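Each chain, letter by letter, is given below.
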Amino acid sequence: MDKKLIVLYVIIGMSSLLIGCEKTSPSLPKDDEILDGPLEGLTYAENAQFLKGDVAFNDDVFTTATGLGPMFVATSCGSCHAGDGKGHPFTTLTRFGQINETGNQYLHQGGPQLQNRAVPGFQPEQIPAGATFSSFTPPANTGLGFLDAVTDADIMAMADPQDANGDGISGIPNWIKVPAYATLRPNSINNNGKYIARFGKKAAAYDLMQQTANAYNQDMGITSFYESKDTYSGQVVDPEISNQTVLDVVFYLKTLKAPIQRNQNDPDIISGKQLFINIGCETCHKQELKTGTSPIAALANQIFHPYTDLLLHDMGPGLDDGYTEGSAKTAEWRTPPLWGLGLSKNSQGGQCFLLHDGRARSIEQAILLHGGEAQNSNDRFNQLTESEKQKLIKFLESL
Amino acid sequence: MNLRLFTFISFTFLLTTSGFAQIDSSLLKRQAQDTSKLTMNMDAVYNRPFLSFGKLPIAFGGYVEANYQHLTTDGITEGSSFQMRRFTLFAASTVMKRVKFLTEIEFEDGAKEINIEFAAIDFELNPLVNFRGGIIMNPIGSFNQNHDGPKWEFVDRPVSATQMLPATWSNVGFGVYGKKFTGDWVLAYEGYLTNGFDNQIIENTKNKTFLPASKLNQERFEESFNGVPLMTGKAAIRHKKVGELGISYMGGVYNKFEEDGLTLDKRRHVDVFALDFNSVLPKLNTHLNGEFSWVWVDVPGSYTQQFGRKQKGGFLDIVQPVLRRPILDFEKSVINVAARLEYVDWNVGRFNENNQNIADDYWGISGAISWRPSAQSVIRFNYLYNWQQDILGNPPAKTGGFQFGISSYF
């Protein structure tokens, strides 16, 4: 064969293959199919900090050399929040030792969180005899910045401690003493030195800084300037992570996008949403909230759709584990945001582990396990036809 | 330390080569390889092209690997990258009759990593009993012994061989090896005691049981991590017309169970078992080369299941020559098409919490077109696609893309 022809064939062949790179490479999932990714409108500098936080959250794995444990639950943030979604029984937390608003009586015995794993040569923690406990499935991280930016006034406007409107729903905030390192939000409401907390299953964490510093400390055994007590010795020790890394992770959590609803115009989903409102679910799972001011422009004064009121509600004896946090009672749980619910399976190994401890294996089962203030809605759900139930579930799966 | 080693080796190499630069290059003699014998994977370390210089009693050689790649994971790409993966130098010498020395020094990713992969003296006590000492390559599987870039049609090394097994895995130690020829058959064995692994295999930033993590411990060339030798043994059989089958084992204590006379933990074992084979199908002249391995690690029960107690995985390369003819004046040109199938289960087991399967699986498939102007050089074009599932079994991360590379002995 002619030499020039061979060279030409090679050049054409390779060029074609290289041009085809884009077509043959794995494609980017649609934005509404995944939970991770930054919210729109971040500046270049904010994007850069988001990336730093992303690496710290998803790629940094702790070892004994970098401070892991010696008792711990997980070796990295990403272990518990795969794809920034909900957790799995493998990473479910156990907390113990508090039965009322007077505080945790087992702090001197390792409370509030059980570190159920230990590095080689050490033994994991055990729940002290007599301590009540509850299991917490790790929540999804998405849209947390929006929740963080809701004003106290807006939360208080949704509260109805005495059930003045007589609808059987009496949401109340969890009032806590904020840690010294927390920065109070503008116009925070002070209630005898306590403030409205909003993160966590019991809404016992004031902000994402407290949530993050606690998670490093209680989940991974990593001490920081913010939470400096070693969970094993109970002593204040040197920080095992830099302030900047904690701040980067907080920024990452604040700027993760909100989940995007799928198939909003599907008639079944529209009907399901109406049924969701009609049977009273929306009374607690508020579909629309708004943010106040924020130093992150993309988060300021935004309307969003989390399906939560960030308040505590009595969920009845069936969900009362006898353990609590802050000023919440043992049967009270913060309304969990429902956004991202339909993508839960993608972070839970293809299955559903819903409610605070993952006991519900389907959306329908989760609804049926609602009691207390939600019992009326549960009853109304049971009165729906099978077709109506499916529409309502289809709506929830679209979130 | 690495920089000094690099400078010293470079200087020595340049001195020995440039010292003869004014001499007619025909004095550089390529050492004839003995092709009459059945060579096996265990022979790979010596079965390489070497150049000798006049009467200098040392022969030199080496190989180089460079490539371009464009990979994408779930729609996100790092774009184009050019990589200088390896530059490896060999030096070999027959010290005296039946005593020989060989060393292999590798510079990876520029000079990011510099490793003495092999530096051993062999004493032939008897054809069946050769004594070897120094830095040796533990004979687990086949790839660890037979890993030179120009021998393969793929830019990437097999994941199961380099990330589940720790190829290239070298340690200081001693051992014996030998071969027995019987007609068309050859039987071979190897057995070594060396320094070994350390705690990093279950305490690492890969967040999984990862034997190669112990390669970060450069002190293993100076002292054992725990004082217990790592045992590696291999038996292989080859038939001239059928191919080679190898069975190998590597095992020992990996953790520091004692220090200054104080007990820190119980002795915890790592055990590896591997099967390897290679063959050429008659008539079709299709080359098959594969390896499958199992890893067992005694992970403390109270530690996280993120780190697997058992792993398994392997690869199969299928290479089909499709054209043998002079191309662009390269008289012995061969064009090959090839495929590689790979699989690794990083964590074989079930979750304590709900008894469901722990995933953490890797699947890979690659295609290749390669042109070998000679047996010692290859220009290769690869397309790869792989799936990596996390420990929970969530939708896998998908990576795909193209690689173009060259590799040649020199």
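What counts and what doesn't
Residues numbered from 1 in each chain as written. Chains lettered and ligands numbered in written order. Predicted model: local features only at pLDDT ≥ 70, side-chain atom pairs only at ≥ 80, totals over all residues. Heavy atoms only, no water. Helix = DSSP H or I, 4+ residues; strand = E, 2+ residues; numbered from the N terminus. Rg over C-alpha atoms; globule rule 2.2 N^0.38 Å. Buried < 20%, exposed > 50% of the residue type's maximum accessible area, 1.4 Å probe, protein only. Contact = heavy atoms within 4.5 Å. Areas by Shrake-Rupley, 256 points an atom, 1.4 Å probe, with all protein chains shown as cover. Lys, Arg positive; Asp, Glu negative; His and termini not counted. Charge placed at Lys NZ, Arg CZ, Asp CG, Glu CD. Buried area = accessible area lost by both parts, 1.4 Å probe. Salt bridge = Lys/Arg side-chain N within 4 Å of Asp/Glu carboxyl O. Polar contact = N/O pair within 3.5 Å; in protein donor to acceptor, adjacent residues only side chain to side chain. Pairing = 2+ DSSP bridges. Expected span 1.5 Å × (residues − 1). Arc of directions from axis to C-beta. Core = buried A, V, L, I, M, F, W, Y, C linked by side-chain atoms within 4.5 Å. Axes fitted to C-alpha atoms, helices over the stretch in contact; angles between N-to-C directions. Parallel < 35°, antiparallel > 145°, perpendicular 65-115°, else oblique. Nonpolar A, V, L, I, M, F, W, Y, C, P; charged D, E, K, R; others polar. pLDDT = per-residue confidence, 0-100. Patch = residues over 30% accessible without salt bridge, like charges linked within 9 Å, V, L, I, M, F, W, Y side chains within 5 Å.

For chain B, the count of helices and strands is two helices and 20 strands. What you see for chain B is a C-alpha radius of gyration of 22 Å, in line with the 22 Å of a compact globule of 410 residues. The principal-axis extent of the C-alpha atoms belonging to chain B is close to 70 × 55 × 50 Å. Counting over 410 residues, chain B shows a buried share of 51%. The long-range share in chain B, meaning contacts at least 24 apart out of those at least 6 apart in sequence, stands at 60%. Carbon and sulfur atoms make up 62% of the accessible area of chain B, which amounts to about 18800 Å² in all. Averaging the locations of the 41 positively and 42 negatively charged side chains of chain B gives two centres separated by 8 Å.

Every contact between the two is made by 42 residues of chain B and, on the other side, 44 residues of chain A. The junction of chain B with chain A conceals about 3300 Å² of combined surface from both sides, 63% of it contributed by carbon and sulfur atoms. Looking only at chain B, the three residues that lose the most surface to chain A are Ser-302, Leu-392 and Phe-402 of chain B, adding up to 17% of its buried area. Salt-bridge contacts for Glu-353 of chain B lead to Arg-117 of chain A; the nearest nitrogen and oxygen are separated by 3.0 Å. If you look at where chain B meets chain A, you find ten residue pairs in polar contact (both at pLDDT 80 or more). Of all elements in the fold, only β3 (58-73), β19 (377-388) and β20 (397-409) of chain B reach the threshold of two or more residues within the side of chain B that touches chain A.

This next bit is on the pairing of strand β8 (residues 170-182) of chain B. Residue and element names in this part refer to chain B. Sheet topology note: the strand β7 (residues 129-137)/β8 ladder contains eight bridges and is antiparallel. In the strand pairing of β8, Gly-133 is matched with Phe-174. Where β8 and strand β9 (residues 185-194) come together, ten bridges link them in antiparallel fashion. Pairing of Val-176 across the sheet is with Gly-191, part of β9. Between the end of β8 and the start of β9, which pair antiparallel, lie two residues, with Gly-183 showing a positive phi angle near 60°.

Residue and element names in this part refer to chain A. Here helix α9 (residues 267-278) spans 16 Å end to end across twelve residues, near enough to the 16 Å set by a 1.5 Å rise per residue. Buried residues of α9: Ile-269, Gly-272, Leu-275 and Phe-276, and no others. Down the axis of α9, the buried set is contained in an arc of 115°. They therefore lie on one face. At its buried positions, α9 is contacted by α12 (386-398).

This paragraph deals with the nonpolar core. Grouped together as the largest cluster of nonpolar side chains are 69 residues, with contacts concentrated most on Tyr-216 of chain A together with Phe-197 and Val-270 of chain B. Put simply, the parts of the chain that give this core at least two residues each are α3 (44-58), α5 (144-148), α6 (152-158), α7 (208-220) and α8 (243-255) of chain A together with α2 (159-164), β14 (269-281) and β15 (286-297) of chain B. It is α8 of chain A that provides the largest number of residues to this core, a total of six residues. When residues no more than four places from it in sequence are discounted, the contact partners of Phe-197 of chain B are Pro-166, Trp-169, Leu-211, Ser-214, Phe-225, Leu-230, Met-250, Tyr-254 and Val-270 of chain B.

Right, let's talk about the packing of α3 of chain A against α8 of chain A for a bit. Residues and elements named next belong to chain A. Between α3 and α8, the least distance of the axes is 7 Å, while the angle of their chain directions is 105°. Here α3 is positioned roughly perpendicular relative to α8, judged by the angle of their axes. Between α3 and α8, the contacting residues are Glu-46, Gln-49, Phe-50, Lys-52, Gly-53, Asp-54, Ala-56, Phe-57 and Asn-58 on the first element and Gln-244, Thr-245, Leu-247, Asp-248, Val-249, Phe-251, Tyr-252, Leu-253 and Thr-255 on the second. A breakdown of the residues in the contact of α3 with α8 according to their chemical character gives eight nonpolar, six polar and four charged.

Mean pLDDT over chain B works out to 90, with 91% of the residues at or above the 70 mark. Note that pLDDT drops below 50 for residues 11-23 of chain B; the model gives that stretch six contacts with residues more than four away or on any other chain.

Residue and element names in this part refer to chain B. The grouping of Ile-121, Phe-123, Leu-125, Leu-128, Val-129, Phe-131 and Phe-174 at the surface amounts to a nonpolar patch, some 580 Å² of accessible area in total. Considering every element that reaches the nonpolar patch, the biggest residue donor is strand β6 (residues 113-126), with three residues. Within the element layout of this structure, Ile-121 appears in strand β6.

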